[in-house]
Structure formats: structure tokens, C-alpha cells
Amino acid sequence: MSYRILVGSYANEIYTVSFDPDTSSISLVSSITVGYHPSWITPHPTDKSLVFAGLEQAEGKIVVVRYDEGGKGSLVGEVSSGGADPCTLLAAGTELLIGNYSSGTFTTIPLIPEPPHLQVSQSSTLRFTGTGPNKERQEASHLHQVFLHPTRAELLIPDLGADVTRRFVKDASGVWVPSGVVAYKAGGGPRHVVVLSNDILYTVLELTNEVTAHRLPPAPEEPTLLACVHTLRTAAPREAWPDMFAAEILVATSPTPYLYVSNRDDPSSEGDTIAVFSLADPAKPELVNEVRSGLRHLRGMWFGGEDARWLIAGGVLGGGVKVFERVDGGKDLKQVASLALEAPTGFLWL
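Residues numbered from 1 in each chain as written. Predicted model: local features only at pLDDT ≥ 70, side-chain atom pairs only at ≥ 80, totals over all residues. Heavy atoms only, no water.

In the nomenclature of an unreviewed UniProt entry, the protein chain corresponds to Isomerase YbhE from the organism Postia placenta MAD-698-R-SB12. If you open the UniProt record of the protein chain and go to Sequence similarities (unreviewed entry), you find "Belongs to the cycloisomerase 2 family." (UniProt positions renumbered as here; feature names shortened; annotations may be inferred.)

Written out as C-alpha cells, the structure is:
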């Protein structure tokens, strides 16, 4: 059995690749030029032939692409993202939810059956403000992910610039409204989150290379900090490597719960690391392994296959795309395939 995977990029293309576990190979099927930096991809919630991607530019755009059975894409439409540099998208229910990084704006656009499948005339945008002590990265509110809680109607939006994850619930009219925050240490820079089924929220703090665990009751109840641990066993001096930050965070529960975090721009000749945390005690993540990826600027990674057996990851500045198999119950990663691609950033298993 082979898998089709879409790959976003910091080039102008979205790539379609094919991964064949039987031959331990990954190959380029096709690519489509859609515009500047289509870094994040999300599928339509019901029409699996449609995907949405954000163009990270000053006048942010959302492109709509339809894929045929062979994995070839065609551009269906393009609309405004409601802000600058849309780096995160989520299509859920009847709407597309967008986090615009540079403008600190959260935009919702209703989904419609007809092309371009987005009713931009009915879109709504909220602007947030906030700062942190890191003068270069936290001079304003910077939304970095839109995440839907897996078991209830609550949105979580990490704001790297304000050191909070913003919480949203729907009001009586079905509109997402703010309902509290999860607060972090000053200068941490929350980037991405995941939630374990027992309602523990894990957040990767990009600017300090840390992971936090919070008990997260339903909003507006307050979260409780359970743990804060480093994503590197031995940290390089910040003054020597000022841009060595954490990036992605994922959780896999079968056969054993583990948390995976990417660290980018490591000075090692063996490339960036993927940190593996045991969740034997979900309230206390324990760093049990660091896997050298051979990738440079490891920004994005994603699971695929039964029981999240496969992990695909990309190096924006080198190494292309690599597929790893989770082995030793998930504690370790074994590289099984690689492919040279320009500036891969995000992934979607079809």
C-alpha cells in the first residue's frame, strides 16, 4: 500500500508525493504553483478532493486547490485571509478558521458548495494585541496555530507574541468568542499545542525550547500548570545560536503514549533533533530520546498510517523530506525514505 501526501513549502509550490512502505521509497508525483509560501495545508471537512493553503505574504491569501485521483492539483480560487502572513488554517464544520501571524488577526470564512468554496463576503476578523520581552519576536500579537479540542467545541490559538494560548467557545449564535487564556512564562513564545484525551494540554514554547503540560478543564475554568521541561538535553549557547528554536509538537498514543517535538537550526553536522518524551505519567513528560534527523530548519512534521506508524518531516534549509518509522514502541525513529524537495514546511496525508 502506498500513501499520497501533500507538502506545503516556503517556495511557491504544493507538492504531491507518494510514499511506498513496501519499497521504502518516496517519490514526487506532481506539483502545482499557487503563490508565495503556501506553508500550511488543511483539508475540506467533507470534500476530500479539496484543500486550502495560506500564502504567507503581507496581503495574506487563501488558495483553494482540487486534487484528482492521481494527486494532480488544479487551482479553484483565491481569497483574502483577513490579515498578514496566514501561517495556520483549519477547516472545521462549516467554516475555515485562519490565524494571521504578522497582523495578529483571527479570521473565519463560511464554507459554501460553489467555487471558490469560501464566502469571503461573510467573513469576520478579530484583531489581538500583546507583547513579550523578546523585542525581535514578541513586538506584537502573533497567532501561530488554530487547534480544535478533540472532544469538545473549544478552539485553542497559541499567540507567540503575547505568551498566551487564546481560548474560544461558540456563543448562542454560533460565533467563536474569546473565553480565557492559558498563560506561560514571559518570553516562552507558545507556538503549537496538542491535547491528550485525558484533557492535558501540551504546548511547545518556541523561544525557550520547552514543553509545558497543563490540566485543561472546559472554558472558562482556569488551567493548571503541571510541568515545564526542556526539549534539548544539552542546549547550545543562545548567544552563539540565537535562532535555535523549537517548532512542531505531536502526540501518538498507540502502542505507548509519546510526545514528539522538533528543534530547528541545531549546530550539529547531523542536523536538527526530534525530541521524544515518554507520557507514562501524562502530567510529567520525560525526555527519553533525541533523534538526529539530518534535516536543516525542521519546521513541520506529521503522522500517517495505522497507529501513526510513519512520521514525515521536512527541512526548509536542507535535507528535503524524510519518512521515519516509529520503532521500539514509539521511543525511537528509524529513517526509511527521503526525497529532495525545495523548502518543505507542512504535510497532509491524503
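S.K.: Describe in detail the sheet that holds strand β23 (residues 286-292), supporting the description with residues and values.
M.R.: Read across the open sheet, the 4 strands follow the order β20-β21-β22-β23; overall the sheet is antiparallel. At either end of the open sheet lies a strand with only one pairing partner, and these are β20 (246-252) and β23. For this sheet the average axis-to-axis angle between neighbouring strands, irrespective of direction, equals 20 degrees. With 6 bridges connecting them, strand β22 (residues 273-278) and β23 associate as antiparallel partners. Bridged to Thr-273 within β23 is Arg-292. (Pairing = 2+ DSSP bridges. Helix = DSSP H or I, 4+ residues; strand = E, 2+ residues; numbered from the N terminus. Axes fitted to C-alpha atoms, helices over the stretch in contact; angles between N-to-C directions.)

S.K.: So what's going on with the side chain of Thr-203? Which residues, and what values?
M.R.: Its place among the elements puts Thr-203 in strand β17 (residues 200-205). Relative accessible area serves as the criterion here: at 0%, Thr-203 is assigned to the buried category. At a separation of 2.8 Å, a polar atom in the side chain of Thr-203 contacts the side chain of Tyr-184. Leaving out residues up to four positions away in the same chain, Thr-203 has contacts with Tyr-184, Pro-190, His-192, Val-193, Glu-210, Val-211, Thr-212 and Ile-249. (Buried < 20%, exposed > 50% of the residue type's maximum accessible area, 1.4 Å probe, protein only. Polar contact = N/O pair within 3.5 Å; in protein donor to acceptor, adjacent residues only side chain to side chain. Contact = heavy atoms within 4.5 Å.)

S.K.: Lay out the nonpolar core with the relevant residues and their values.
M.R.: Membership of the largest hydrophobic core comes to 18 residues, with the highest contact counts inside it found for Val-17, Phe-19, Ile-26, Ile-312 and Val-323. If you list the elements that add at least two residues to this core, you get β1 (3-9), β2 (13-20), β25 (310-318), β26 (320-327), β27 (332-339) and β28 (344-349). Here Val-323 is in contact with Phe-19, Ile-26, Trp-310, Leu-311, Ile-312, Lys-334, Gln-335, Val-336 and Ala-337, once residues within four sequence places are set aside. (Core = buried A, V, L, I, M, F, W, Y, C linked by side-chain atoms within 4.5 Å.)

S.K.: Please provide a residue-by-residue account of the pairing of strand β5 (residues 50-55), values included.
M.R.: Most of β5 sits inside the fold, with 6 of its 6 residues counted as buried. The turn joining strand β4 (residues 38-43) and β5, which pair antiparallel and follow one another in sequence, is formed by 6 residues. Inspection of the sheet shows β5 paired to strand β6 (residues 61-67) by 6 bridges, in the antiparallel sense. In the strand pairing of β6, Phe-52 is matched with Val-64. Counting the residues in the hairpin turn of β5 and β6 gives 5 residues.

S.K.: I'd like a description of the packing of aromatic side chains, backed by residues and values.
M.R.: Across all of its chains, the model carries 7 aromatic pairs by this definition. Note on Phe-106 and Phe-168: the rings are 5.2 Å apart at their centroids and 50 degrees apart in plane angle, and the pair reads as tilted. Of this pair, Phe-106 sits in strand β10 (residues 105-110) while Phe-168 sits in strand β14 (residues 164-170), and the two are 62 residues apart along the sequence. Members of the aromatic cluster, connected to one another through ring pairs, are Tyr-3, Phe-19, Trp-310 and Trp-349. (Phe/Tyr/Trp six-rings, centres within 6.5 Å; stacked < 30°, edge-to-face > 60°.)

S.K.: So what's going on with the pattern of salt bridges? Residues and values would help.
M.R.: Applying the stated rule across the entire model yields 14 salt bridges. Among the salt bridges present, the one from Glu-154 reaches Arg-152, with a minimum N-O distance of 2.9 Å. Exposure class is identical for Glu-154 and Arg-152. Each is buried. Notably, a salt bridge pairs Asp-199 with Arg-152, separated by 2.8 Å at the nearest N-O pair. In this pair, Asp-199 sits in the loop between β16 (190-196) and β17 while Arg-152 sits in the loop between β12 (147-148) and β13 (155-159), placing the two residues 47 residues apart along the sequence. (Salt bridge = Lys/Arg side-chain N within 4 Å of Asp/Glu carboxyl O.)

S.K.: Describe the sheet that holds β4, with residues and values.
M.R.: Taken together, the 4 strands give an open sheet; going across it, the order is β4-β5-β6-β7, and neighbouring strands pair in antiparallel fashion. Only two strands of the sheet have a single neighbouring strand rather than two, namely β4 and β7 (73-80). Along the sheet, successive strands turn relative to each other by an average axial angle of 25 degrees, direction set aside. Sheet topology places β4 next to β5; 5 bridges connect them, and they run antiparallel. Across the sheet, Ile-41 pairs through a bridge with Ala-53, a residue of β5.

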